[in-house]
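Single-letter residue listing:
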Amino acid sequence: MKPQEIIFKGTRKGLRLVLNARQGVDSLKALLRQKLDNSGDFYAGAKVTVETRGAVVPPETVQEVLAILEDYGLSVSETEHEPAGRGRVRPEPSEPPAPAPVVSGIDPDLLPRRADTVMIRRTLRAGQSVTFDGNVLVMGDVNPGAEVSATGDIVVFGALRGVAHAGSLGNVNARVAALRLMPTQLRISDKITRAPDDEVQAPEGPEVALVREGSIIIEPWTSHSGMVFGA
Amino acid sequence: MSGTVIVVTSGKGGVGKTTVVANIGAAIASFGPKVALVDADIGLRNLDIVLGLENRIVYDLVNVVEGKCSLRKALIRHKKLENLSLLPASQSRDKSAVSPEQMRALAEELREEYDFVIVDCPAGIEQGFKNAIAGADRAVVVTTPEMSAARDADRIIGLLESEDIRDRGLVINRIRPDMVRRRDMMDVDDILELLGCDLLGVVPDDESVIVSTNRGEPVALDERSKAGRAFRDIASRLMGNDLPIAATTENEGLFNKLMRWVGLARG
């Protein structure tokens with residue numbers, strides 16, 4: 001595979017633009033413009049750190065690159081250079097690479113392919129919300145008036161009394177599970193269901209909500225229901 | 001030694017914040033410590049009326065932060081409790097007349113002189129709320145047994161968490177034991193389970209509160225009133241004493257009480 005010469009990376013500190021100058025610096029500017037044109041105004045307003053790798057990039061070229069970025073509405077916070085000798089990939093200091101999971105006796109395809117789950121170790125109270133591209137695990141309650149939205153699954157190790165939206169970008173296979181599943185409203189993909197208007201009986205045990213035949217159903221969440229999250 | 005600054009807040013209006021401030025203030029002062037009450041509800045002055053001190057106001061909180069008069073001059077001493085003083089709110093200005101930094105400085109100055117500084121927070125979560133919690137060490141969250149009040153209390157606890165005010169106690173005001181027994185009202189356990197907050201006390205709904213509020217005499221000083229006793233217990237807990245929370249099934253009648261004692265009826 002041909003190494004990509006221009007990569008935008010999202011990091012905890014913001015956007016990082018990596019320029020690989022192995023093929024020479026001339027093609028970089030054109031590639032950069034092309035990439036930014038293709039993304040519309042997606043990157044506009046973003047803060048970006050520019051990192052150059054491989055051959056030494058002349059300062060004029062760096063200036064030109066910065067000018068291009070500013071044309072497209074990005075602001076540059078710093079520039080760094082990685083000399084060619086030090087290896088191609090430098091791990092982010094704040095995010096060490098996750099060790100590969102040791103799998104035995106289970107189909108590896110059933111495991112999440114990347115670290116795409118965020119863990120919230122607190123109770124979400126009225127007015128608080130979490131939105132995440134991936135799965136959300138809450139160790140605490142989700143109170144009425146709080147909202148959790150995930151493109152993947154939602155698991156609440158506590159009482160879910162607020163609003164939960166799993167598969168928010170259209171994944172109908174997403175699920176919502178909670179030790180006490182008594183949400184104000186539940187959404188999976190584009191399906192919506194709400195709590196009954198009369199008094200709700202507290203569930204006996206953990207339950208899981210999923211879409212079956214076009215509507216949201218709720219089942220007891222037992223060890224033999226055989227469900228695997230993130231699959 | 002420097003005193004403790006306590007903010008009394010609720011989010012929702014009308015749940016009895018001002019009554020709670022006046023009564024726990026009066027109760028603590030009656031136990032001995034020096035107490036200053038601060039009415040941070042600028043523009044909607046109330047605490048002075050509940051304490052029966054309206055006719056003594058000359059200067060107010062806004063005058064103090066603007067440097068128009070000294071703090072000592074603006075503080076009004078209670079007519080019966082000499083350990084209790086009030087810094088009244090301004091009636092003519094609004095919340096934007098004061099900043100959180102000014103409130104923090106005011107609280108610092110008051111805690112030099114007083115053992116407890118109790119701040120009456122306005123309803124809402126805007127500027128007035130931010131001002132009131134600015135200098136606080138701990139918070140008393142007041143709610144009533146209604147979903148709407150509990151929801152706002154939950155929101156407030158979330159905001160206190162993000163302001164890193166960790167010492168938070170809950171006061172459940174206006175419980176009606178008869179309604180709770182009929183399952184027509186949320187009970188204490190329902191509310192605690194939802195809010196996940198330490199319980200500081202439960203105040204029964206009691207006519208004597210309204211009577212005493214209108215007279216300007218805190219009900220906490222009335223030995224016979226049930227609500228008064230609940231406020232004295234809350235005050236004592238705030239002072240660090242570990243009292244059991246009284247059962248909410250108080251006015252169940254002598255017959256039932258006797259039956260329960262001999263084990264024939266279940267509470």
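What counts, and at which threshold
- Residues numbered from 1 in each chain as written.
- Chains lettered and ligands numbered in written order.
- Predicted model: local features only at pLDDT ≥ 70, side-chain atom pairs only at ≥ 80, totals over all residues.
- Heavy atoms only, no water.
- Pairing = 2+ DSSP bridges.
- Helix = DSSP H or I, 4+ residues; strand = E, 2+ residues; numbered from the N terminus.
- Axes fitted to C-alpha atoms, helices over the stretch in contact; angles between N-to-C directions.
- Buried < 20%, exposed > 50% of the residue type's maximum accessible area, 1.4 Å probe, protein only.
- Contact = heavy atoms within 4.5 Å.
- Salt bridge = Lys/Arg side-chain N within 4 Å of Asp/Glu carboxyl O.
- Polar contact = N/O pair within 3.5 Å; in protein donor to acceptor, adjacent residues only side chain to side chain.

## A look at the sheet that holds strand β5 (residues 117-120) of chain A
Residues and elements named next belong to chain A. Spatially, β5-β7-β9-β11-β14-β15 is the arrangement adopted by the six strands of the open sheet, whose pairing is mixed. Every other strand in the sheet has two partners, leaving β5 and β15 (215-220) as the edge strands with one partner each. The mean inter-strand angle of the sheet, taken between neighbouring strand axes irrespective of direction, is 25°. Where strand β14 (residues 207-212) and β15 come together, six bridges link them in antiparallel fashion. Bridge assignment links Leu210 to a residue of β15, and that residue is Ile217.

## A few points about unusual backbone geometry
Residue and element names in this part refer to chain B. For Arg174, which is not a glycine, the phi torsion comes out positive at approximately 60°. A residue is classified by how much of its surface remains accessible, and Arg174, at 34% relative accessible area, is partly exposed. Phi is positive for Arg183, which is not a glycine, with a value near 65°. If you trace the backbone, Arg183 turns up in the loop between α8 (177-181) and α9 (188-195).

## As for the interface of chain B and chain A
Listed as interface residues are 10 residues of chain B and, on the opposing side, 11 residues of chain A. Linking chain B with chain A are five salt bridges. Viewed at the interface, chain A and chain B are joined by nine residue pairs in polar contact (both at pLDDT 80 or more). Listed by contribution, the elements that provide at least two residues to the side of chain B that touches chain A are α7 (147-162) and α9 of chain B.

## Some words on the sheet that holds strand β6 (residues 129-132) of chain A
All names here are of chain A. Strand order in the open sheet formed by five strands is β6-β8-β10-β12-β13, and the pairing between neighbours is mixed. If you trace the sheet from one side to the other, it starts and ends with β6 and β13 (191-194), each paired once. For this sheet, the mean angle separating the axes of adjacent strands, direction not counted, is 5°. Bridge analysis of strand β12 (residues 185-188) against β13 gives four bridges, and the strand direction is antiparallel. Across the sheet, residue Gln185 finds its bridge partner in β13, namely Arg194.

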